[in-house]
Structures are given as C-alpha cells and as structure tokens.
Amino acid sequence: RGVRLAFDPAIAWRIIVVGLPVMLAGFLFSGIYILLVPTVRAFGVPAPAALGVGHKIEGLSYMMSVGFGLAAATLVGQNLGAGKPDRARRAGWVTALVAAVPTLLLGVLFACIPRALAGFFTTDPATIADAALYLRFASFVQVALAFEEVLFASLSGAGYTFWPMIWVAVLSAIRIPLASLVALRWGLAGIWALLAVTALGRGVSMAVLWKFARWDRVRA
C-alpha cells in the first residue's frame, strides 16, 4: 500500500517529446538495412547474405558503444541535474574516448581477419568474400560508431533528442537513393563504402552537436 499510482499529463508529454525522436532514430537505422536489400540483391544471392553477416559482426561494436552510451546518459543527466554542465560535457567526451578503445581494436580485427570472422556465420565462399569486403570498409569507422552512439546517448541524457534524430535520420535515409547511384559505378564495393561514409558522417555530426549545440540549456 506504499505505492501511489498517479498520471501526470505534463510528465507524460515530456517523456514523449524526449523519447519519440530516439525511438524514430533507432527504427530508421534498422529499417534502412531492410530497404537496402533490393539494391544489394542485384549483385547476386551472396550479397544480401553478406550484408546480414557484416551487420551482425559489426553489431559487436554497436553493443559495446550502446553500453557505454547508457553510462554516458546517466552521467550527463546527473551532472546537469546537479548544475554542473561543464562536468556533463566532459563526461560525454571521456566516455566516447573510452568506448573508442575496444571499437578500435575490433576495427583492427575487421581489417586483418575479415574472412575468418565471416566464416563463423557461413561456409559459402562468395558470401565470405562479400562479407569480408564489407568488414574492411567498416573497419575504418568503428571509432566513429563509438562516438555516434555514446554522444547520441549523452544528448538523450540531457533531453536534447530532436536534432540528433534529424541528423541520424538524414544520414541514414540518403543511403537508399545513393546506393543505387554508387552501385552503377563501383558495384557492391560502392555500397559498402557508402555505408561506411554515412556512418562516419553520423559520428561527426554527433560530435559537432555535442561541441556546439545548446543541449545544456534543455530542461527534461
């Protein structure tokens, strides 16, 4: 009987305002890979299979970065609540740098032993070759992935979610029309390179927002 249930419309609306952009960004990020399949399929059955394999392996970096991002969101929220925005800003940078270490190591593995990693998921030589190419391109942007996820979560911890969602949405959505264009000129390698370049763009955009946006003035 010590629990008192109540509904506060103002708090509920604030939860929606802060949480909805984060949900949309995550939904779009995953949905783009599904929409890429028809373009990738033009290069044969192994190509979309390789996309799935590469995405799963790259998920190791993603899960690490999300974990550090949860820590960063907590630190940022606590320090903003305590009236220490400078400490909150430093917490985001430090956490991103810490997360960059294991993702950098994974990137080295992606570059050095991509075929061995792909071999954990398939024995088909063509799929392994396409997945290895995917991982080689992905190896260059694993640090950017860490910065993207950690700083996106840090901005979410500050309650600043709309503009990060816009940047993630735009840099994810442009993959669909651009994939068809680069595929005509550079083939499957062009699509893998496009995924890497746009991932780098998302990481840079989150760093720019963290550096210059007025997220420390938001009151969640």
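So, how was this worked out
- Residues numbered from 1 in each chain as written.
- Predicted model: local features only at pLDDT ≥ 70, side-chain atom pairs only at ≥ 80, totals over all residues.
- Heavy atoms only, no water.
- Helix = DSSP H or I, 4+ residues; strand = E, 2+ residues; numbered from the N terminus.
- Expected span 1.5 Å × (residues − 1).
- Bend = angle between axes of the 7 residues up to and from the residue.
- Contact = heavy atoms within 4.5 Å.
- Core = buried A, V, L, I, M, F, W, Y, C linked by side-chain atoms within 4.5 Å.
- Buried < 20%, exposed > 50% of the residue type's maximum accessible area, 1.4 Å probe, protein only.
- Salt bridge = Lys/Arg side-chain N within 4 Å of Asp/Glu carboxyl O.
- Axes fitted to C-alpha atoms, helices over the stretch in contact; angles between N-to-C directions.
- Parallel < 35°, antiparallel > 145°, perpendicular 65-115°, else oblique.
- Left-handed = near helix turned anticlockwise from the far one by under 90°.
- Nonpolar A, V, L, I, M, F, W, Y, C, P; charged D, E, K, R; others polar.
- Phe/Tyr/Trp six-rings, centres within 6.5 Å; stacked < 30°, edge-to-face > 60°.

1. Observations regarding helix H2 (residues 46–81)
Part 1: Counted at 1.5 Å a residue, the expected span for H2 with its 36 residues is 52 Å, and the 51 Å between its end C-alpha atoms agrees.
Part 2: At Gly59, H2 shows its strongest bend, of approximately 35°.
Part 3: Once H2 ends, the next one or two residues include Gly83, with phi positive near 75°.

2. Description of the side chain of Arg175
Part 1: By secondary structure assignment, the location of Arg175 is in helix H8 (residues 175–212).
Part 2: Beyond its immediate chain neighbours, meaning those up to four positions away, Arg175 contacts Ile32, Tyr33, Leu36, Leu194, Leu195, Thr198, Ala199 and Arg202.

3. Comments concerning the nonpolar core
Part 1: By size, the foremost hydrophobic cluster in this structure holds 27 residues, and its most contacted members are Val40, Leu51, Tyr134, Ile191, Trp192 and Leu195.
Part 2: It is H8 that provides the largest number of residues to this core, a total of eight residues.
Part 3: Formed by 25 residues, the second largest nonpolar core is a distinct cluster that contains Val76, Leu80, Ala88 and Trp215.

4. Digging into the environment of Ile113
Part 1: Considering the arrangement of structural elements, one finds Ile113 in the loop between helix H3 (85–112) and helix H4 (114–118).
Part 2: Taking the relative accessible area as the measure of exposure, Ile113 reaches 37% and is therefore partly exposed.
Part 3: Along the sequence, Ile113 and Phe43 sit 70 residues apart, while their C-alpha atoms lie 23 Å from each other.

5. Focus: the pattern of salt bridges
Part 1: One pass over the structure, following the stated rule, counts two salt bridges.
Part 2: Across the salt bridge formed by Arg89 and Asp216, the nearest N and O atoms sit 3.8 Å from each other. Within this pair, whereas Arg89 is found in helix H3, its partner Asp216 is found in the segment after H8, the two being separated by 127 residues in sequence.
Part 3: Relative accessible area serves as the criterion here: at 23%, Asp216 is assigned to the partly exposed category.

6. What about the packing of H3 against helix H6 (residues 142–157)?
Part 1: In contact at an axis separation of 7 Å, H3 and H6 are set at 150° when each is read in the N-to-C sense. Judged by the angle between their axes, H3 and H6 are roughly antiparallel. By crossing handedness, the relation of H3 to H6 is classed as right-handed. Across the interface between the two elements, Gly92, Trp93, Thr95, Ala96, Leu97, Ala99, Ala100, Thr103, Leu104, Gly107 and Phe110 of H3 pack against Gln142, Val143, Ala146, Phe147, Val150, Leu151 and Ser154 of H6.
Part 2: Considering only residue class, the contact of H3 with H6 consists of 12 nonpolar, six polar and no charged.

7. Some remarks on the packing of aromatic side chains
Part 1: Counting across every chain of the model gives three aromatic pairs.
Part 2: Ring centres of Tyr134 and Trp192 lie 5.2 Å apart, and the angle between their planes is 80°; on these two criteria the pair is classed as edge-to-face. Here Tyr134 is found in helix H5 (residues 125–138), whereas its partner Trp192 is found in helix H8, with 58 residues between them in sequence.
Part 3: Residue Tyr134 is classed as buried on the basis of its relative accessible area, which comes to 3%.
Part 4: Each ring, one from Trp210 and one from Trp215, has its centre 3.9 Å from the other, and the planes form 5°; the classification is stacked.
Part 5: Judged by its relative accessible area of 0%, Trp215 falls in the buried class.

8. Regarding the side chain of Glu148
Part 1: In this fold, Glu148 is placed in helix H6.
Part 2: The class of Glu148 is buried, set by a relative accessible area of 3%.
Part 3: Once residues within four sequence positions are removed from consideration, Glu148 is found in contact with Val168, Ala199, Arg202, Gly203 and Met206.

9. Concerning the packing of H6 against helix H7 (residues 162–173)
Part 1: One can describe the packing of H6 onto H7 by two numbers: an axis separation of 9 Å at closest approach and a directional angle of 150°. With respect to each other, H6 and H7 are oriented roughly antiparallel. The two elements H6 and H7 meet at a crossing, and its hand is left-handed. Across from Glu148, Phe152 and Leu155 in H6, the residues of H7 making contact are Pro164, Met165 and Val168.
Part 2: Its residues assigned to classes, the contact of H6 with H7 shows five nonpolar, no polar and one charged.

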